[in-house]
Each structure stands twice: as structure tokens, then as C-alpha cells.
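Fold and geometry: a report
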Amino acid sequence: MKICYIAEATSIPTQRWVNHFAKKGHETHLISWIQGGQYDASVKTYWLARFLPQLWGITKHLGIFTWPVQTRQLVSKIKPAIIEGHWLTIAAVLIATSGFTPIILNAWGSGVLIYAQKSPVWRYIIKHALTKASIVTCNSQLMRTELIKLNTHPDKIRIIYPGVKTEQFSSQHRSDKLRNQLKLKDDPTIISTRNLKQIYNVELLIKAIPFVLKQMPDAKFVICGDGEQKSYLNALARSLGILNSVRFTGSIAHNDLPAFLASSDAYVSTSLSDSSSLSLHEAMSTELPVVVTDHPSNRELIDDNETGFLVPPDDEKGLAKKILLLLKDKELATRFGKSGRELISQKANYYTEMQKVEKIYEEIAS
């Protein structure tokens, strides 16, 4: 089957998705407005031209006018059996103007939960794109509810979880070498793998650390990721006198993440909003006990005090209290970790979820 994807090429979910179907033998094409990512050699990539790239900070908004024309020409040349768009922002524009059917749209997170809520223009664009789609996939019940609010017919919506390769993300990948490189010794270690952007609220974790260190001064915090708040968060950690207890690693290659997770003792996510967090799924698959902020999509996975802890997104003392509980109560931490892996194995196994997608392809291409 010939499939054309329209997506941000550097997106990890897109890379996993496209590579899976390329390796399954499908003829895969990817159209992207951003160059990058690691793709199977068989994937044919097309980079949309940038107008005056040397002035990209000024001219990037012009792409919204030129990229639809380029995309339409490329799709006409490729002649796919299916066209699929990932993320309902720029991809929504390009899909809606491609002139092609059948269309699948993947609604992952911010397009529906943020852009459509805050911007009337984006709301109109996203709603228009949704009317063009034969199938709309999303990754949580929360997203399904929001899509229905955008007038998407319930029969068009399919829930596909991000999916974890459970053999890759497991506790077996603990690395003493990595712990030595990070100078963790035998210290209890907490990890966050969210990017350093405002939406991920890593500031809350930084502010919670002093309260943890008061009771457990040897605790260490590994903060993976990059983003516009990097300098601010480093400065905040320095001002709180905790910089020696924090390891800012920067961005981590996805293939390296299993070792980072398996070499930690607990996982924290302080995000202000999520649809269905792949990083949370990966941590649970690795048998890490988790503490995450309390919002609807996390409640779909985490039963508070049973499979993990839920905390308010503005309570650093409450977050510290839950972290300390997991570090001190090994039996509780182990119970959370094992129940989390079992849940992911049953509900969000990568290969099972991709089989669901392939059935959708066969359904709408027939």
C-alpha cells in the first residue's frame, strides 16, 4: 500500500509510526516543513521549501501560504492510496488543502487541547480539516471528547495509544555505566523526561527538590530534555542551592531513553496538559513508580494511590511528599512499578496499536 504522511519530521511519534509501516513493506512517503528525524532507508522524504531561510524568524509564517501549493503538487505526483496527517496544526492546513481523499488525521495533544481552544483562527482550520477526514485517530478518551466538541462525528474517531515497545522499555536495561557517568553513585534517583518548555511545568519539580533534600539529602534528579526554559531552570536550581543534586542532560536520543529510565528509581511528570503521554507510558513500562500531575488524561492511566500518585500542578510540597514516599517505601514503589508495566502491556503495547492502524488503512483503502 502506498501511504503519504504529512507531519513534522522530527517528531518521535511520527518517526516510530512511519518507520513501522515502511518496515512492514508499505511504500511510505513523508512530506514535512521541518527537516530531520531518523527514517528507514525506504522512506521517501520531501522537504517543503522555506522562503528566505536566512530570515526564517521573520518569514516562517509565509509558509502557510506557499506550503499548501507545494503539498498539493507532491501529493498529485505521489498518488498515494491513503494520506495521513500528524498533529492538527500545520498538518491540518496541508491536509485540508491537498485535494485528496481518503484522509486520516491523527489528533495528538496541543492542536486540539491548546490551539483550538485559544485561537478562533486555528479552531476554524482544525474543524475544517476534521470534516475532510474519513477517520480521525486520537490517543485518549479526553481527546475523543474534545474532538466531538469540534463537531467530529463519533463514528469517525478511533483511539490509538502511542504504544510502547515493552521489550525495549523494561527494567532489564539498568546501566551502572550510565549511573557512573552521571555521578549518581548509589543515590536514590528521580527522572523527568519532559522537554524544558512552559507547558511541561518542570519548574514545579525544581521547586520541590529542596523539600525532598531536607529529608533525603543524597537524592539526585535527572532532568532530560531541552527547550526555551533551559537557562531559566538552570538559574532557578542555582538560586535554590540544589544544582549539585540535579543533572540537566539536554535532549536524549530516544534509543538511549530505556537505560536512563531503568537506571532511575522514580519518574515525575509535571505537565500542565497532556493527551496521552508517551514518556509516561515508557516510564511505566520500565516499572518505574510514577508521580504525575492530576489532569484528565493522566487519570485514564493512573489510579491515585493504586498505580501511581496524582498531584496538583501547583503544589511543590505535595509533589515532594509523594516523591519521598516512593523513595522510602520500596514495597510501595515496587507495587506501583509492576502494576504500571502490566497496564501498559495490556493497554498500550506498540505492536498491538499498530495492528489497529493497519486495519484502519485496509478499511478505508478498500
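Above this text sits the structure in question.
Read on for a plain summary of the structure. (Residues numbered from 1 in each chain as written. Predicted model: local features only at pLDDT ≥ 70, side-chain atom pairs only at ≥ 80, totals over all residues. Heavy atoms only, no water.)

**Observations regarding the overall build of the chain**
Scanning the chain for helices and strands turns up 16 helices and 13 strands. Computed over its C-alpha atoms, the radius of gyration of the chain comes to 21 Å, within 12% of the 21 Å expected for a compact globule of 366 residues. A principal-axis box enclosing the C-alpha atoms of the chain has dimensions of 60 × 45 × 40 Å. By the burial criterion, 55% of the 366 residues in the chain qualify as buried. Restricting to contacts in the chain with at least 6 residues of sequence separation, those with at least 24 account for 68%. (Helix = DSSP H or I, 4+ residues; strand = E, 2+ residues; numbered from the N terminus. Rg over C-alpha atoms; globule rule 2.2 N^0.38 Å. Buried < 20%, exposed > 50% of the residue type's maximum accessible area, 1.4 Å probe, protein only. Contact = heavy atoms within 4.5 Å.)

**Section: the pairing of strand 11 (residues 266–269)**
Side chains on a regular strand alternate between the two faces of the sheet. Both faces of strand 11 are covered, namely the face carrying Ala266 and Val268 and the face carrying Tyr267 and Ser269. Sheet analysis places strand 11 next to strand 12 (residues 290–293), joined by three bridges and oriented parallel. Within strand 12, the residue paired with Ser269 across the bridge is Val292. Crossover connection from strand 11 via helix 12 (residues 278–285) to parallel strand 12: handedness right-handed. (Pairing = 2+ DSSP bridges. Right-handed = clockwise from strand over helix to strand, strands pointing away.)

**Things to note about the sheet that holds strand 9 (residues 220–224)**
Pairing is parallel across the open sheet formed by six strands, whose spatial order is 10-9-8-11-12-13. Of all strands in the sheet, those with a lone pairing partner are strand 10 (246–250) and strand 13 (309–311), marking the two edges. This sheet shows a mean twist of 20 degrees between the axes of neighbouring strands, independent of strand direction. Lying over the sheet, helix 9 (residues 202–215) contacts strand 8 (189–192), strand 9, strand 10, strand 11 and strand 12, oriented at roughly 170 degrees with respect to strand 9. (Axes fitted to C-alpha atoms, helices over the stretch in contact; angles between N-to-C directions.)

**Observations regarding the packing of helix 9 against helix 10 (residues 230–239)**
Two numbers describe a pair of packed helices, the interaxial angle and the distance between the axes. Contact geometry for helix 9 and helix 10: axes closest at 10 Å, N-to-C directions at 10 degrees. Between helix 9 and helix 10, the interaxial angle falls into the category roughly parallel. For the pair helix 9 and helix 10, contact is made by Val202, Glu203, Ile206 and Lys207 and by Tyr232, Leu233, Leu236 and Ala237, respectively. (Parallel < 35°, antiparallel > 145°, perpendicular 65-115°, else oblique.)

**Focus: the environment of Pro313**
Assignment of secondary structure puts Pro313 in the loop between strand 13 and helix 14 (316–328). A residue is classified by how much of its surface remains accessible, and Pro313, at 36% relative accessible area, is partly exposed. Spatially, the C-alpha atoms of Pro313 and Ser271 are 7.5 Å apart, while their sequence positions differ by 42 residues. Beyond its immediate chain neighbours, meaning those up to four positions away, Pro313 contacts Asn201, Leu204, Leu272 and Thr293.

**Focus: the packing of aromatic side chains**
Each aromatic ring pair is summarised here by two numbers: the centre-to-centre distance and the angle between the ring planes. One pass over the full model with this rule turns up five aromatic pairs. Measuring from centroid to centroid gives 5.3 Å for Trp87 and Trp108, while their planes differ by 80 degrees, and the two rings are edge-to-face. Of the two residues, Trp87 sits in the loop between strand 4 (82–86) and helix 4 (90–96) while Trp108 sits in the loop between strand 5 (103–107) and helix 5 (110–118), which places them 21 residues apart along the sequence. Taking 5.1 Å as the distance between ring centres and 80 degrees as the angle between the ring planes, the aromatic pair formed by Phe309 and Phe336 counts as edge-to-face. Residue Phe309 is located in strand 13, and its partner Phe336 is located in helix 15 (residues 330–347); the two are separated by 27 residues in the primary sequence. Counting every residue linked through ring pairs, the aromatic cluster contains Trp17, Trp87 and Trp108. (Phe/Tyr/Trp six-rings, centres within 6.5 Å; stacked < 30°, edge-to-face > 60°.)

**Here we look at the side chain of Thr166**
Looking at where Thr166 falls in the secondary structure, it is placed in the loop between strand 7 (157–159) and helix 8 (176–181). Once you skip the residues sitting within four places of it in the chain, Thr166 turns out to touch Ser285, Arg341, Ile344, Ser345 and Asn349.

**Structural notes on the pattern of salt bridges**
A side chain with one charge can pair with a side chain of the opposite charge if their charged atoms come near. Enumeration over the complete set of coordinates arrives at 11 salt bridges. Residue Lys207 is joined to Glu203 by a salt bridge in which the shortest nitrogen-to-oxygen separation is 2.8 Å. You can see Lys207 and its partner Glu203 sitting in helix 9, four residues apart, about one turn around the helix. Judged by relative accessible area, which is 32%, Lys207 ranks as partly exposed. Taking the shortest distance from any N to any O, the salt bridge between Lys356 and Glu353 comes out at 3.1 Å. With a gap of three residues between them, Lys356 and Glu353 both fall in helix 16 (residues 350–365), about one helical turn apart. (Salt bridge = Lys/Arg side-chain N within 4 Å of Asp/Glu carboxyl O.)

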